[in-house]
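Geometric and topological summary
Each chain is listed here by its residues.
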Number of protein chains: 2
Amino acid sequence: MVMKEEKVDQYIKKIDGELWLVEDDRENLKVSYRVKEIIFVEQSPFQHVMVLDTYDFGRMLVLDGVVQSTEKDGYIYNEMIAHVPLHIHPHPKKVLIIGGGDCGAAREIIKYPTVEELYFCEIDELVVKASKEHLKGVSAGLEDDRVHYLFADGIQYMKEHTNEFDVIIVDSSDPVGPATQLFEFDFYKNVFEALKEDGLMVCQSESPIFYKETMQNTYESLNKLFPNVRQYTAVVPTYPGGLWSFTLASKKYEAFIQPNYEETTKYFNKAILQASFALPQFMLEDKK
Amino acid sequence: MVMKEEKVDQYIKKIDGELWLVEDDRENLKVSYRVKEIIFVEQSPFQHVMVLDTYDFGRMLVLDGVVQSTEKDGYIYNEMIAHVPLHIHPHPKKVLIIGGGDCGAAREIIKYPTVEELYFCEIDELVVKASKEHLKGVSAGLEDDRVHYLFADGIQYMKEHTNEFDVIIVDSSDPVGPATQLFEFDFYKNVFEALKEDGLMVCQSESPIFYKETMQNTYESLNKLFPNVRQYTAVVPTYPGGLWSFTLASKKYEAFIQPNYEETTKYFNKAILQASFALPQFMLEDKK
């Protein structure tokens, strides 16, 4: 049997008349999303950037052929990387995001009235532009004078700042290509230095099932620097394995607080906050 | 471009020399698993049954081309459908499983010494046979005199039993084909009748993201019958959406207890038990 297949874009195929994004960055698992429409496609100096409208996940941001964020489930990841640290720091004024080009985490952070300045350091301006124009289900609501865009390299930016931020959120893509250094000890050390003496940080630390080593290395690096390090998890349907880990590292604060913020979340709530720190048995045993 | 593709089995393709299971039961999302070896394949009177050895998920049970359980992540689902009810019923002696042909839930239940009899009602004997022989990573440890196999129709079996079981676990496949009736009110009513006056049941109730209606219908049906109905969730990487719902319905008991059992779980623990009942905001709002 021969299937009729035609390349529409580097990452999009037309198979028997239907458009499909075939995510095949992994050797042994391929996920194919049926595409309604290619909304945006452009090569930036850093990567291949697309916004697609899909049947199952609505619009999605795709970088180098890999799904980053979707209208259907992107809020889960973004709420969990943003609200957890802001329910622990009692008075976050100056917040930095590194990465997070889909704008979803930034949108959640500015729901907190205590936040006076949000520095948004994403290396690729095109990702932010594409997300703001074409991925409003994830990015909408970010128009706010407190947001300062820095289209710069987060690695370099961290080297140049000391004792400045209350909260730093490292919302990186996978540790391949340019993002690799965002998972290294030297970077975390600079993050530590860039935080105020009572500051805290959070980073996405990959799948506990498929990228266990990355998760463990992250934990170990941060544990050498910060007195309080904890992992938590959330479900991200469009990431491989579904279960995703985050690592929180704090110089001082640990307890959950009840901050004043606009409660318009779809996944996060106080019960989920508590529950996300309950780790599956295999994650606990990896630490022994 | 034309890809070289050859059908090896109804559900397995050889693409450019590599074996792939292409799970394409959903119209807009296809997941392809690279296969090392086809271990077992046979058509039963009920369905097409396969055990495959895959690169990413180890061995997997595949029914009618849809992944049911894998060595890599099957324990999550099975532990969560088995241990949660057995941490609520204080003295379960007679337990029934309907479905659960991969044998994983049954294996977890017999870890409880209070359980005197486990009735295992799976319609398709071939699934149990294939799992016991070829899917030991999920099924091993089930050799126990307390297990009584009933290769029978669970719908019919429930009509014939009254006031008999302490715990009933409905571990069904998706509500298509023969499993459809396992999601209907009449079936739940018979389950209610088959439970003792302090009995409780749990069922898998599909994805809160992709099969919200099924989940809600299950909740509503059970809510008409039982005084205590609660949903909980777990992550199941190989199920669409990753996040999966379970519904627990109890005639009497609600609180968590600390039963005596052999603690050899890989996902479940007491923190996860508590955490699994913390529902994402969108699930709470669906109930309003």
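Per an unreviewed UniProt entry, chain A goes by Polyamine aminopropyltransferase and derives from Pseudobacillus wudalianchiensis.

**Some remarks on the relation of the copies chain A and chain B**
Mapping chain A onto chain B calls for a rotation angle of 180 degrees and an axial translation of 0.0 Å; the resulting RMSD is 0.0 Å. Look at the turn and shift together and you get a two-fold axis relating the two. With an isologous cut-off of 70% or more, the 100% of interface residues of chain A that recur at the interface of chain B puts this contact in the isologous class.

**Describing the UniProt feature "active site" (unreviewed entry) in chain A**
All names here are of chain A. Annotation from UniProt places "active site" (unreviewed entry) at D171. The topology assignment puts D171 in strand β11 (residues 165-171). Judged by its relative accessible area of 8%, D171 falls in the buried class. D171 has contacts with Y77, N78, I81, I97, I98, G99, G100 and A105, leaving out every residue within four places of it along the chain. Here Y77 takes part through its side chain, which lies 2.6 Å from a polar atom of the side chain of D171.

**Topic: the domain arrangement of chain A**
All names here are of chain A. Each domain of chain A was delimited in the assignment, giving domain 1 (7-67) and domain 2 (74-287). Relative to domain 2, the C-alpha centre of domain 1 lies at a distance of 26 Å. Listed per partner, the contact involves 17 residues of domain 1 and 15 residues of domain 2. In total, about 1,500 Å² of surface goes out of reach between domain 1 and domain 2, with carbon and sulfur atoms giving 68% of it. Three residues, R26, F46 and L61, lead the burial of domain 1 against domain 2; their summed loss comes to 35% of the area buried on that side. Where domain 1 touches domain 2, the interface holds zero salt bridges. Applying the counting criterion to the domain 1 and domain 2 interface returns three residue pairs in polar contact (both at pLDDT 80 or more).

**Thoughts on helix α1 (residues 74-86) of chain A**
Residues and elements named next belong to chain A. Along its 13 residues, α1 runs 19 Å from first to last C-alpha, staying within 8% of the 18 Å computed at 1.5 Å per residue. For α1, the principal kink sits at M80 and spans about 25 degrees. In terms of residue burial, α1 counts as a mostly covered element, since 13 of its 13 residues are buried.

**Things to note about the packing of aromatic side chains**
Taken as a whole and judged by the stated rule, the model has 32 aromatic pairs over all chains. Note on Y232 of chain B and F277 of chain B: the rings are 5.0 Å apart at their centroids and 35 degrees apart in plane angle, and the pair reads as tilted. Here F277 of chain B lies in the loop between α8 (270-276) and α9 (281-287) and Y232 of chain B lies in strand β13 (residues 228-235), a separation of 45 residues in the sequence. Note on F277 of chain B: relative accessible area 9%, which makes it buried. Members of the aromatic cluster, connected to one another through ring pairs, are Y77, Y232, Y239, W244, F246, F256 and F277 of chain A. Between K36 of chain B and the ring centre of Y55 of chain B, over which it is positioned, the NZ or CZ distance is 5.4 Å.

**Description of the layout of surface pockets**
Approximately 530 Å³ is the volume found for the second largest pocket. Along the wall of the second largest pocket there are 23 residues; nearest its centre are E5, I15 and S32 of chain A together with I15 and S32 of chain B. Breaking the lining of the second largest pocket down by element, the ones donating at least two residues are β2 (12-15), β3 (18-23) and β4 (29-43) of chain A together with β2 (12-15), β3 (18-23) and β4 (29-43) of chain B.

Definitions and limits used
- Residue positions are given per chain, counting from 1 as you read along its sequence in written order.
- The lettering of chains begins at A and the numbering of ligands begins at 1, in the order of writing.
- Residues qualify for local features only when their pLDDT is at least 70, as the model is predicted, and side-chain atom pairs are given and counted only at 80 or more; totals for whole chains, interfaces and linings, by contrast, use all residues.
- Side-chain metrics in this entry use all non-hydrogen atoms of the structure; hydrogen atoms and water are not considered.
- Least-squares superposition aligns the copies on the C-alpha atoms of those residues with pLDDT at or above 70 in both.
- In what follows, residue pairs with any heavy atoms lying within 4.5 Å of each other are defined as contacts.
- UniProt positions are given in the numbering used here, feature names are shortened, and annotations may be inferred rather than shown by experiment.
- Comment: elements are numbered from the N terminus, with helices defined as DSSP H or I runs of at least four residues and strands as E runs of at least two.
- Only protein chains enter the accessibility calculation, which uses a 1.4 Å probe; a residue is then buried when its area is under 20% of its type maximum, exposed when over 50%, and partly exposed in between.
- Polar contact is defined as a pair of N or O atoms within 3.5 Å, subject to the rule that within protein one atom must be able to donate a hydrogen and the other to accept it, and that residues adjacent in sequence are counted only when both atoms are side-chain atoms.
- Domain limits in this description derive from either an automatic procedure or a database domain assignment.
- By definition, the buried area sums, over both parts, the 1.4 Å-probe accessible area that each loses when the two are put together.
- When a carboxyl oxygen of Asp or Glu is within 4 Å of a side-chain nitrogen of Lys or Arg, the pair counts as a salt bridge.
- Helix span, as expected, comes to 1.5 Å for every residue beyond the first.
- Bend, at a single residue, is the angle you get between axes fitted to the 7 residues ending at that residue and the 7 residues starting at it.
- Two aromatic rings from Phe, Tyr or Trp, using only the six-membered ring of Trp, form a pair when their centres are within 6.5 Å; if the ring planes differ by under 30 degrees the pair is stacked, by over 60 it is edge-to-face, and anything between is tilted.
- Whether a charge lies above a ring is judged from NZ of Lys or CZ of Arg, which has to be within 6 Å of the ring centre and within 35 degrees of the ring normal.
- Site definitions follow a grid-based scheme: protein atoms alone, a 1 Å grid, a 1.4 Å probe that fits but cannot get out for cavities, and for pockets an open set with protein on both sides within 12 Å along at least five of seven lines, plus lining residues having an atom within 4 Å of a point.
- Grid points are joined across faces, edges and corners, and a volume is the space filled by probe spheres set on the points.

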